[in-house]
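# Structural overview for review
Chain by chain, the residues run as shown.
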Amino acid sequence: MKKLLTLFITLSMVVYTTSCDNGFEDLNVDPTASTDLDLNPKFAYLFLKSAGDEYEHSFTNILCAGQLTQQVIDMDFPQSSIYTIREDLQTAWWIVSYTTTIKSVVDIIGQLENEGNVGTEMGIARIWKAYLFHTIVDQYGDTPYFDGGKGFLTGNLRPAYDDAQKIYMDMLNEIEEGVAQIGSSSTLGAADLIYGGDTSKWKKFGNSLMLRLAMRIKNVDATASTAWANKAITGGTMNSSSDTAFMNHTNGPQPINQNAWGVYQPRYVNARIGATLYDWLADHGDPRLNILADPNGPAAGNRFGLEKDQLQTIYGESPDSFARVNPAITQLDSPWVFISYAQTALLEAEFAASAGNHSSAETKYNDAVRANMQIWGSHYDASLTVDNSTINDYLTANPYVALEGERMIGEQYWAASFFDFFESFSNFRRSGYPELQPFAGEAPHPSTTTNGEIPRRLIYPSSEGSVNADNFNAVLQAQGPNDQITRVWWDVN
Amino acid sequence: MKQKIMNLLVLIIVFSAVNSFAQTTTTTITGTITDSTDGMELPNVTVLEKGTTNGTTSDFNGKYSIKISSKNAVLMFSYLGFKTVEVPLNGENVVNVSLEAGGEVLDEIVITAFGFEKKTKSIGYSITQVKGEELNRVKTTSPLQALRGKVAGVNISNSSTGIKGSARVVIRGNSSFNGNNQPLYIIDGISLQNQQLGSAGEWGGSDNGDGLSAINPDDIKSISVLKGGAAAALYGSRASNGVIIIKTKDGKGAKKGLGIEVSNQTLFTTINDLYDPQTTYGNGIAGGFPTDPVDVFNSWGPRMDGAPRTTYDGSQQPYEYAGDNFNRIFSTSVNMTNSVSLTSNTDKGSTRFSVTHLDGKDVVATSKLRRLAFSLNTTQKLSDKLTFNASVKFSDVDETANPIVATEPASIMGSLARLAPNINVNDFIGDYGNGTIDGINELSIFDSNIYRTNPWFALHNNPSSMEKERLLSAVSAKYDISESLYIRGQAGFDKATNHYNNTLANGANLNWPGIRFYPGGQLQQQTQTLDQFDADVFVGTDFLKITDKISMNGFVGAGTFSAKAENTGVLGNLVVIPGLFTVLNTEGQSGLYGYQARKINSLYGSAEFSFADNIYLTATARNDWFSTLSAEGKTTPNNDLYGSVSLSVILSDLVKLPEVFTFAKLRGGYSQVAGGANNPYGLGLTYGLVGQGHLGSPLGIINGGVIPNASITPFEKNETEFGLDLKLFDNKLSVDFAYYSNQTLKDIVNAAASPASGFSSSTINLGEITNKGVELLVNWRAIDKGDLALDLSFNYTNNKSLVVSTDENNGIIQAGIAQLFQSNIGHIPGQPFGVIYGNSYVRDDQGKIVHQLVDGVPVAKSENINKVLGLGVAPTQVGFGTNLRYKNFTLNTFLEGKFGGSIVSNTNKTMKEYGLHQVTVPSGGRENGFVPDGVLEGGGAITQNLSEAQIYQYWNQTNSLGASRSQLGEENVYKNDFIRISQLSLAYRIPIDLLKDMFIQSANISLVGNNLGFLLNKVPNHDPEAYYNTRNGQGAEALSMPIGKSFGLSINLKF
């Protein structure tokens, strides 16, 4: 008996001193995960996720920006149409961007730095980071930029908000340096889901983005705007639709592979094309009317600034009285456009017009309209092909007029940015075109939180007030209240 | 270490088996035990050799047989409700005893940590034991349902998801912000996995039950609840929330030889229909008929007059109350439990085998549950020194169509709870009785909102199913090395395999296929295996005499615990052939795989000193090592040493007390427990691939939304408790009082981070939570007159929890979302655990609600602040049981009550928004107007008498989610105090005289009822505890399913 006790005690001692946590370190390593990962899969995810999943895309891009620009109306979610706030819709893009794409691009740049990469891949990553951040800064204003998405690198759980002007200047610098780093080839291979390794197109993408940002600050810093726009155009921007940055989607297998609107459209049965856009297309005899609006539905766009029951009580109509967005361009495998040649050409047209170069402006304007009309047939559905004569007829009927140039360019930019309503909303605020009317000239909806004025930004998540209180209070001090009236830095029009 | 302990265990068994051949001869004592009042034989009397753990129980005929090692031993006979008798043997071989009623119940044996049986009086902490009979009087599908309200300090709530739902069990208050708050379950010495197998979230989903629901309540002999840290400290970190020890029936105490027991219970369950909408006004808007005839959800139409009107489908229908739609959709279900058990009881040991078959249905007719459970439990004395026990349980559970709850598009309630009173849900049943128009496609209920599904379609088109296989196996062996020294080992595993078949039906509607929210349908087939393994070895002494007065028992032990979870599955999107629900019938499939493993190794010991059998002092110590806190290069500890002390003082032995006190004991204890992180792999950043790649390129991501933290250390929980045990009036009245105070420090929490950091949260040690409470248990034999006896029991618990601090900012830790409101459940410093917080009414100095004019209508104004609106966890709980016996009849009732909590009710919000709620009908009817109670902004009472259209606006503005929602959380927070009639049974025991000359030994027949209704319920329209899940954020309701009430018959025969 004593032997057994001794044995036990000895055993316990052995166990205690040697093996109580023997093997625990290995056991606590996840066999299904890796502690490091090659850059290419990271880039592929970054590009694909940047085109947006249905959640953030429908909530913020469609239901907020899309309704604010009166291009789409969804009466089941009328908040942005009547200028009030539903927070989850407004904040989805901000939250999802940081926790997916921003985090991802920060990680990629960190890895490139560690690997000492100062070439093409680093250039692309820096440009892409600027692309992602401009979608955030333009909608929300000041935002965590320098410390954003770095929770795992620095442990900073509560990043400070940076001034939008500083962010803009840094983004422009990053793009310039990024473009300079791009060489003649990349190691991305199939992971370059945008240009398939064509680095010359990446340079054009960078310069086109530089032009976009330069034009955005036109009203707030004309000197810098002109300098950067010149730099971009000299560097070489997109010069045909083959330079347009697309994400090609597939029918599956998973939602991430699919076009966000393709997933959205069947779910949001009351999403209709907005009357403002519908009427503009119709009034100009625009062939894009039957491309954007479902030609098999009612020949009308959805009224704006109303709730569903008001639509019934005032007009005796329901959402079914209005056309849907054409299913032909909202398929699961429909592509997504990041920056198009049409948008770029329109900005160049505007830049030329501002410099008094009207013939150049006209050429760019016509090219842009042509490119946007053709892209639906070439990239979405062959049945949507618009032939040259139709385009020529349109341009003849709606010729570019120098005196009306700014308005015409702004309206075309709005139409050409269909689906990318963030860009449409930003350009509207900056240029003032199209001349959107709040509540179609009627009395404001009683629930409006903007005194009936068109909102100028989207709101931050209110949770920032508790989880990131100090920085949040600081940004409200610096920028203004977290409402839709406060303007982002460049919005002085 | 696992290997080492297993080796040691095998060694013990072999060693002891060898030793067993060399036994000293022993004496067998036999006898019969009877009741002194009527001479009836007493079964189940505990017979113990004094000073040892050698013992047995009397059989059905009151006969016992015990082997003793010394002829001079003293035998102790104890039986609940009778005085314990000690008989010195003095060389006799036959000892017959007659027990006197009343007497000492205090030598009752309770099961404590690691299955050690101890006398209640020696225990310095609070422990409550519930017998199997109590649990099975009315058989429930899960053992925990029957335990509800019966144990002071234990708060049990069930999710509102029907008979298959899970239970939440919290002992002495919640102690972790968002970690595990549920106790450790031990079954026959082995820890049991009680994973939540999927639960509903605020947006919907279904509850697939918990691990414990695989246990057949019929097999349970007793449940011991170790409430405090001092009781549980020996089990270590996993017991930081208390321990529930389940001992299954083993044939011990059954009649000698072969025994057969057969039982049947048939229960009929119907909904407890608390949904009580207004039935005066029909569908329409703003007091008028619907502008759109298809609108069937808004009940803001005119007073129903029975006149024919054009309805949703263009036909003319009388505009009148169409009757109760709930009773059309929900049905009466039949649940049948059949059980057969065989026992064998010999001198050498006992064995029990049972088969139980449960065939159940929910009030949702398509939702079924079938459980087949086998249990084999055997205890054998292989020799005088070696006792061996093996317990094997296998269950196979089939579940189909677990109800989808909350506001999820596929839920039944999503549209049913909104249907206007003049609409008959039967109109949408379709030609096939299943809500379809062609056997496949949903028959729309004419609202283009994709979140509303035809309730018939939702009811009949939920082809999800799951099969759970569970194998629990435990072996233990004890070898007595000498009279006072033993070695014991135990090992066992719990293996669960769950096959899920999650299907979101497709169909076609409004030009798109599918339950409209899932246009193409989605299928997921998954197999999950959950393995858990425990092994422990102890060396100890039962009785070591130190001086004449002081003796000691104790042990040292080593243990290992490991758990592994693996998950494989296939997900398919877009069903190709409608109505064919197999994952390969989809356009695209993707694979799923997950794996987790963790371990805890431990060393521990316990010593109990007895001073003259009047004072007992127990001390324990334990060190746990956690794999989840281990990583290469980690500098902070991955282990912790902690312990407990407890003291029991028998006052009635030490001090002369007034005669009314039969017994008085004072107890107290202090304990520390530490705990590791539950989830592995939380210490470092990892990468993985997402999806199936895109256009030939794999997609790489940073795994998870939680920032890993390599410096996490074990959390700590301390508890102090005091208690008093009193027996008065010759044991007729017993009072057990406890006070406790516990504190959790450095909780391991996923604390919210700003999303701008790239992550939603970060794992950190933070915060402090305290719980202080009292527990009271009173048992009173009020009447005791031969044929007539009345026992009353009452328990009371009050727990005050306090969140002392959270993170360095003392921010709110969110725990749950009250869907569709600007209100949440969370932990706020200075407030109790899990409060409902959100925006509130703006009130003036007199507390009146301030209204602002919206479109000419005064509407309550809200203040967007995080105001505490109620407690998500009720602090006070009572249970009241009566047991009335008259001759062979026994009437048993049990009432359960909870007080002081609140619930955020989405059902009530929805009913107000849609004009279904009673409050939307002013006392004079809507036609005569309504003056809101409150004041206008800038002062002045509201005098405006609202028109019908304005009444609609008033309620809609306050409760709508629409564009203009005022997001009022406070409006729908209800105090949810309740007293539930939880159980009722009337049993008749057929007199033994009638069974003479038959094979039957005993026969019982009972009428039983479960969850029969409420004596008090402060929440209108649904069950006061209709939470959508059993997770940490309690207090939110989301269009809950009605809960069932059951009646039935139970028959039990013993042969």
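Positions within a chain are numbered from 1, following the residues in the order the chain's sequence is written. To read the labels, note that chains go from A and ligands from 1, taken in the order they are written. Since the coordinates come from a predicted model, pLDDT governs what is reported: local features require at least 70, and pairs of side-chain atoms require 80 or more to be given and counted, while whole-chain, interface and lining totals use all residues. The basis for the side-chain values is all heavy atoms of the structure; hydrogens and waters are excluded.

By the criteria applied, helices consist of DSSP H or I runs no shorter than four residues and strands consist of E runs no shorter than two, each listed in order from the N terminus. Across its full length, chain A carries 21 helices and 4 strands. The size measure is the radius of gyration over C-alpha atoms, and the globule rule it meets is 2.2 Å times the number of residues to the 0.38 power. Relative to the globule expectation of 23 Å for 493 residues, the C-alpha radius of gyration of chain A, 26 Å, shows essentially globular dimensions. Relative accessibility decides the category of a residue: with a 1.4 Å probe and only protein chains considered, values under 20% of the type maximum give buried, values over 50% give exposed, and everything between is partly exposed. Expressed as a percentage of its 493 residues, the buried residues of chain A come to 63%. Between two residues, a contact is recorded if the distance between any of their heavy atoms is within 4.5 Å. A fraction of 77% describes how many contacts in chain A between residues 6 or more apart in sequence connect residues 24 or more apart. For the area figures, the Shrake-Rupley method with a 1.4 Å probe applies, and any residue is considered shielded solely by the protein chains shown. If you sum the accessible surface of chain A, you get close to 16800 Å²; carbon and sulfur atoms cover 49% of it. With 32 positive and 58 negative side-chain charges, chain A shows a spacing of 3 Å between the two charge centroids. Neither His nor the chain ends is counted toward charge; the positive residues are Lys and Arg and the negative residues Asp and Glu. The location of each charge is read from NZ of Lys, CZ of Arg, CG of Asp or CD of Glu.

Turning to the overall build of chain B, a few remarks are in order. Tallying secondary structure elements over chain B gives 11 helices and 57 strands in all. Considering only C-alpha atoms, chain B reaches an extent of 100 × 70 × 65 Å along its principal axes. Taking all 1055 residues of chain B together, 59% fall into the buried category. Considering only residue pairs separated by 6 or more positions, chain B has 69% of its internal contacts joining residues 24 or more positions apart.

The subject of this paragraph is the packing of helix H15 (residues 341-354) of chain A against helix H16 (residues 358-379) of chain A. Residue and element names in this part refer to chain A. Axes here refer to lines fitted to C-alpha atoms; in helices the fit is confined to the stretch in contact. Angles between the N-to-C directions go from 0 to 180 degrees. Contact pair H15 / H16: the axes reach a minimum separation of 8 Å and the direction vectors enclose 165°. Classified by the angle their axes make, H15 and H16 are roughly antiparallel. Considering how the two elements wind past one another, H15 and H16 form a crossing that is left-handed. Contact residues: Tyr341, Ala342, Ala345, Leu346, Glu348, Ala349, Ala352 and Ala353 in H15; His358, Ser360, Ala361, Lys364, Tyr365, Asp367, Ala368, Ala371 and Asn372 in H16. Residues are grouped as follows: nonpolar covers Ala, Val, Leu, Ile, Met, Phe, Trp, Tyr, Cys and Pro; charged covers Asp, Glu, Lys and Arg; every other residue, Gly included, is treated as polar. Residue composition of the contact of H15 with H16, grouped by class: 11 nonpolar, 3 polar and 3 charged. For classification purposes, an angle smaller than 35 degrees is called roughly parallel, one larger than 145 roughly antiparallel, one from 65 to 115 roughly perpendicular, and anything else oblique. Handedness of a crossing is defined here by the sense of rotation of the near helix relative to the far one, left-handed for an anticlockwise turn of less than a right angle and right-handed for a clockwise turn.

What follows is about the sheet that holds strand S1 (residues 27-35) of chain B. Residues and elements named next belong to chain B. Pairing between two strands is assigned when DSSP locates at least 2 bridges connecting them. Read across the sheet, 3 strands follow the order S4-S1-S7 without closing on themselves; strand pairing throughout is mixed. If you trace the sheet from one side to the other, it starts and ends with strand S4 (63-68) and strand S7 (97-99), each paired once. Between one strand and the next, the sheet's axes are offset by a mean angle of 35°, whatever the strand orientation. Sheet topology note: the S1/S4 ladder contains 6 bridges and is antiparallel. The residue bridging Thr32 from the neighbouring strand is Lys63, located in S4.

The next thing to look at is the pattern of salt bridges. Residues and elements named next belong to chain B. A pairing counts as a salt bridge when a side-chain nitrogen of Lys or Arg comes within 4 Å of a carboxyl oxygen of Asp or Glu. All chains considered together, the criterion is met by 62 salt bridges over all chains. Between Glu913 and Lys909 there is a salt bridge; the shortest N-O distance is 2.9 Å. Separated by 4 residues within a single helix, Glu913 and Lys909 lie in helix H9 (residues 906-913), roughly one turn from each other. Residues Glu913 and Lys909 agree in their burial class; the two are buried.

Side chains that are three or four residues apart share a direction in an α-helix, a result of its 3.6 residues per turn. Residues and elements named next belong to chain A. The end-to-end C-alpha separation of H15 is 20 Å, in line with the 20 Å expected for 14 residues at 1.5 Å each. Burial analysis of H15 places 13 of its 14 residues in the buried class, which makes it a mostly covered element. Of the residues trailing H15, Gly356 is marked for its positive phi of about 80°. In a helix, the anticipated span is given by 1.5 Å times the number of residues less one.

Another aspect to go through is a negative patch on the surface. Taken together, the side chains of Asp21(A), Glu25(A), Asp26(A) and Glu632(B) define an acidic patch exposed on the protein surface. Mapped onto the fold, Asp21(A) is located in the loop between helix H1 (2-19) and helix H2 (24-27). Each patch groups residues whose relative accessible area exceeds 30% and which form no salt bridge, using 9 Å between like charges and 5 Å between nonpolar side chains of Val, Leu, Ile, Met, Phe, Trp and Tyr.

Counting residues at the interface gives 85 residues for chain A and 91 residues for chain B. Carbon and sulfur atoms supply 66% of the area buried between chain A and chain B, which totals about 7300 Å² over both sides. Where chain A packs against chain B, one counts 1 salt bridge. Two N or O atoms form a polar contact when they lie within 3.5 Å of each other; inside protein one atom must be a possible hydrogen donor and the other a possible acceptor, and for residues adjacent in sequence the pair counts only when both atoms belong to side chains. Linking chain A with chain B are 22 residue pairs in polar contact (both at pLDDT 80 or more), by the criterion used here. At the level of secondary structure, the elements contributing two or more residues to the side of chain A that touches chain B comprise H1, H2, helix H3 (39-50), helix H5 (87-114), helix H7 (151-154), helix H11 (260-267), helix H14 (308-315) and helix H20 (464-467) of chain A. With 9 residues, H1(A) is the largest single contributor of residues to the side of chain A that touches chain B. Within the side of chain A that touches chain B, the residues separate by chemical class into 42 nonpolar, 25 polar and 18 charged. Buried area counts how much accessible surface, traced with a 1.4 Å probe, disappears from two parts once they are put together, with both parts' losses summed.

Below, the discussion takes up the nonpolar core. Across soluble globular proteins, you tend to see nonpolar side chains buried next to one another. What is meant by a nonpolar core is a set of buried Ala, Val, Leu, Ile, Met, Phe, Trp, Tyr and Cys residues, joined one to another through side-chain atoms within 4.5 Å. Grouped together as the largest cluster of nonpolar side chains are 158 residues, with contacts concentrated most on Phe43(A), Phe47(A), Trp128(A), Phe205(A) and Phe338(A). No other element matches helix H6 (residues 120-140) of chain A, which puts 12 residues into this core. Filtering out sequence-adjacent residues up to four positions away, Phe205(A) remains in contact with Ile127(A), Trp128(A), Tyr131(A), Tyr195(A), Met238(A), Ala245(A), Phe338(A) and Ile339(A). Among the nonpolar cores identified, the runner-up in size contains 29 residues, and Met413(B), Leu443(B), Met911(B) and Leu1039(B) belong to it.

Quick look at the sheet that holds strand S56 (residues 1036-1037) of chain B now. Residue and element names in this part refer to chain B. Taken in spatial order, the 3 strands line up as S53-S51-S56 in an open sheet, and their pairing is mixed. In the strand order of this sheet, the two ends are held by strand S53 (973-975) and S56, each with one partner. As defined by bridge partners, strand S51 (residues 902-905) adjoins S53 across 3 bridges and the pair is classed as antiparallel. Looking at S53, one finds that Ser902 is bridged to Lys975. Set on the sheet, H9 makes contact with S51, S53 and S56; between it and S51 the angle comes to about 40°.

Another point: the packing of aromatic side chains. Residue and element names in this part refer to chain A. Only Phe, Tyr and Trp rings are paired, with Trp represented by its six-membered ring, and only when their centres lie within 6.5 Å; those with planes under 30 degrees apart are stacked, over 60 edge-to-face, the remainder tilted. All chains considered together, the criterion is met by 60 aromatic pairs over all chains. Taking the centre distance of 5.9 Å and the plane angle of 80° together, the rings of Trp280 and Trp414 count as edge-to-face. Of this pair, Trp280 sits in helix H12 (residues 275-283) while Trp414 sits in helix H18 (residues 405-416), and the two are 134 residues apart along the sequence. When its relative accessible area of 2% is taken as the criterion, Trp414 is described as buried. Arranged with centres 5.1 Å apart and planes meeting at 45°, the rings of Tyr365 and Tyr400 form a pair that is tilted. Of the two residues, Tyr365 is situated in helix H16 and Tyr400 in the loop between helix H17 (388-397) and H18; the sequence distance between them amounts to 35 residues. Since its relative accessible area comes to 2%, Tyr365 is described here as buried. Here the aromatic residues Phe43, Phe47, Trp128, Tyr131, Tyr195, Trp202, Phe205 and Phe338 are joined through ring pairs into a cluster of three or more.

Right, let's get into the pairing of strand S16 (residues 220-226) of chain B. Residue and element names in this part refer to chain B. In terms of residue burial, S16 counts as a mostly covered element, since 6 of its 7 residues are buried. Bridge analysis of S16 against strand S17 (residues 243-248) gives 6 bridges, and the strand direction is antiparallel. Opposite Val225, over in S17, you have Ile244 as the bridge partner.

All names here are of chain A. Here H5 is 28 residues long and its end C-alpha atoms lie 39 Å apart, about the 40 Å a rise of 1.5 Å per residue gives. Each residue is assigned a bend, namely the angle between axes fitted to the seven residues that terminate at it and the seven residues that start at it. Of all the bends in H5, the largest measures some 45° and sits at Ser97. Counting buried residues in H5 gives 22 out of 28 residues, a clear majority hidden from the surface. Directly after H5, the chain includes Gly116, whose backbone phi takes a positive value near 70°.

Within the secondary structure layout, Val405(B) lies in strand S25 (residues 404-405). Sequence-distant contacts of Val405(B), defined by excluding residues within four places in its chain, comprise Ser160(B), Thr161(B), Ala200(B), Gly204(B), Gly205(B) and Ser411(B).

Attention shifts here to the packing of H5(A) against H6(A). To characterise two packed helices, one gives the angle between the axes of the helices and the distance between these axes. Residues and elements named next belong to chain A. In the contact formed by H5 and H6, the axes pass within 10 Å of each other and the chain directions differ by 160°. In terms of their interaxial angle, H5 and H6 are classed as roughly antiparallel. The element H5 and its partner H6 pack so that their crossing is left-handed. Classifying every residue of the contact of H5 with H6 gives 15 nonpolar, 5 polar and 4 charged.

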